[in-house]
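Listed below are the residues making up each chain.
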Amino acid sequence: MQLALTPDGRWGYPTAELVSAAGAAGFTAVGINADRVDAAAVEAYAAAGVGCHELLAFVVSDDESATMASAEQLADHAQAVDAEWVLTVFTSKVPAQHIQRCAKIFDGVGAGMAVEFTPLGAIPSLNDGMDVVRAASRGGRAGLIIDSWHFCFSDNTWHDLAAVPLDDIAYLQFTDALAPESRNRLVRETLHRRAAPGEGVLDLDRFAATLREKRYDGIVSVEVLSATLRELPVDSLVEHLHDATAPYWLP
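Structure report, in brief. (Residues numbered from 1 in each chain as written. Predicted model: local features only at pLDDT ≥ 70, side-chain atom pairs only at ≥ 80, totals over all residues. Heavy atoms only, no water.)

Ordered by their spatial adjacency, nine strands build an open sheet running 2-1-11-8-7-6-5-4-3, and the pairing between neighbours is parallel. Two strands close off the open sheet at either side, each with one partner strand: strand 2 (29–30) and strand 3 (32–33). Relative to strand 11 (residues 219–222), strand 8 (residues 169–174) runs parallel, the two sharing three bridges. Bridged to Q173 within strand 11 is S221. (Pairing = 2+ DSSP bridges. Helix = DSSP H or I, 4+ residues; strand = E, 2+ residues; numbered from the N terminus.)

Put into structure tokens, the structure is as follows:
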């Protein structure tokens, strides 16, 4: 099992400080937002000795020309940081051929399309996500991201989670959540009121046990989007996130 870190796009930490702190805390990989990819970021990853498991984020819309242009640009960024996956979200459902062409672009630089399902978007369930993964796989490497927040706030069941084939999982994203202030404002909840694992209300014990029982042995990427935790120094934050996550996944 590998523990990785998905950055909050609102973190202001310099890339070099973030990846260095993450490596020191025990993370083996750190994601990066596309707008932060430059020569200095590449050097920072090499210096810290950590990998880049995900490039954030490819947004697929019904504007095919804009989506394809974005895919080409993100492929260049993925190649620069040797990203294993390009995290992909959908604002609308698009034809399978459209998805395949994008996956092929990423495949050309050695990256896979990591499809994220979310109850707040156009791909709201595990089954919807798997349909997209199968379409993308005809163009290149593709897999499903299973985010504990998205799963727990979706209509999916534990049986649905257990039924996802291991080979179709790109990686997991792991987080807890504070008790929702309003079910009508879940966008705010997911962007600002997540919690470190074990410090919220989600059934993370069952989530982790379900995946471990399937013998999942891939990447678990911690993604805690929290207005409160954003105030912490980077060293304290990433150490806290690693220490909160490790008991669920590491022996």
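Take the environment of E54 next. On the secondary structure map, E54 appears in strand 4 (residues 54–60). Residue classification places E54 among the buried residues on the basis of a relative accessible area of 0%. Along the sequence, E54 and T88 sit 34 residues apart, while their C-alpha atoms lie 10.0 Å from each other. Residues in contact with E54, not counting those within four places in the same chain, are L5, T6, P7, G31, I32, A83, W85, L87, Y171, Q173 and S221. One polar contact links E54 to H53, side chain to side chain, over a distance of 3.3 Å. (Buried < 20%, exposed > 50% of the residue type's maximum accessible area, 1.4 Å probe, protein only. Contact = heavy atoms within 4.5 Å. Polar contact = N/O pair within 3.5 Å; in protein donor to acceptor, adjacent residues only side chain to side chain.)

Now for the packing of aromatic side chains. If you walk through the whole model with that rule in mind, you get eight aromatic pairs. Each ring, one from F58 and one from F106, has its centre 5.2 Å from the other, and the planes form 90 degrees; the classification is edge-to-face. In this pair, F58 sits in strand 4 while F106 sits in helix 4 (residues 96–107), placing the two residues 48 residues apart along the sequence. For F106, a relative accessible area of 0% gives the class buried. When the ring of F174 is compared with that of Y248, the centres are 5.2 Å apart and the planes differ by 70 degrees; the resulting orientation is edge-to-face. (Phe/Tyr/Trp six-rings, centres within 6.5 Å; stacked < 30°, edge-to-face > 60°.)

Moving on to the nonpolar core. By size, the foremost hydrophobic cluster in this structure holds 91 residues, and its most contacted members are L5, M113, I146, L241 and W249. Apart from the residues lying within four places of it in its own chain, the contact partners of W249 are M1, L3, L172, F174, F207, A208, L211, R212 and V220. (Core = buried A, V, L, I, M, F, W, Y, C linked by side-chain atoms within 4.5 Å.)

Here the focus is the pairing of strand 7 (residues 142–147). For strand 7, the tally of buried residues reaches six of six residues, placing the bulk of the element in the interior. As judged from the four bridges shared by strand 6 (residues 112–116) and strand 7, these two strands associate in the parallel manner. Bridging from a neighbouring strand, M113 pairs with A142 of strand 7. This β-α-β element, strand 6 to helix 5 (residues 126–137) to strand 7, shows right-handed connectivity. (Right-handed = clockwise from strand over helix to strand, strands pointing away.)

Taking 1.5 Å of rise per residue, 12 residues should cover 16 Å, and helix 4 covers 16 Å from first to last C-alpha, within 8% of that figure. Tucked inside the fold, the buried residues of helix 4 contact strand 4, helix 3 (64–81), strand 5 (85–90), strand 6 and helix 5. (Expected span 1.5 Å × (residues − 1).)

With respect to the helices, strands and loops of the structure, S61 is situated in the loop between strand 4 and helix 3. Polar side-chain contacts of S61 include one of 3.1 Å to the backbone nitrogen of D63. The contact partners of S61, leaving out residues within four places of it in the chain, are T67, T91, S92, V94 and H98.

So, on to helix 3. Over its 18 residues, helix 3 extends 26 Å from the first C-alpha to the last, a length consistent with the 26 Å expected when each residue adds 1.5 Å. Taken together, the buried positions of helix 3 are T67, M68, A71, L74, A75, H77, A78 and V81. Looking at the packing, one finds that the buried side of helix 3 touches strand 3, helix 2 (39–48), strand 4, strand 5 and helix 4. D82, located one to two residues past helix 3, shows a positive phi value of around 55 degrees.

Turning our eyes to something else, we now look at unusual backbone geometry. The peptide bond linking L56 to A57 adopts the cis configuration, its omega dihedral lying at -15 degrees. Along the chain, the position of A57 falls in strand 4. The phi angle at D82 is positive, at roughly 55 degrees, despite the residue not being glycine. Given a relative accessible area of 62%, D82 falls into the exposed group.

Moving on, we get to the packing of helix 1 (residues 15–25) against helix 2. In the contact formed by helix 1 and helix 2, the axes pass within 9 Å of each other and the chain directions differ by 20 degrees. The orientation of helix 1 with respect to helix 2, classified from their angle, is roughly parallel. Between helix 1 and helix 2 lies a crossing whose hand is right-handed. For the pair formed by helix 1 and helix 2, the contact residues are T15, A16, V19 and S20 on the first element and A41, A44, Y45 and A48 on the second. In terms of residue class, the contact of helix 1 with helix 2 is built from six nonpolar, two polar and no charged. (Axes fitted to C-alpha atoms, helices over the stretch in contact; angles between N-to-C directions. Parallel < 35°, antiparallel > 145°, perpendicular 65-115°, else oblique. Left-handed = near helix turned anticlockwise from the far one by under 90°. Nonpolar A, V, L, I, M, F, W, Y, C, P; charged D, E, K, R; others polar.)

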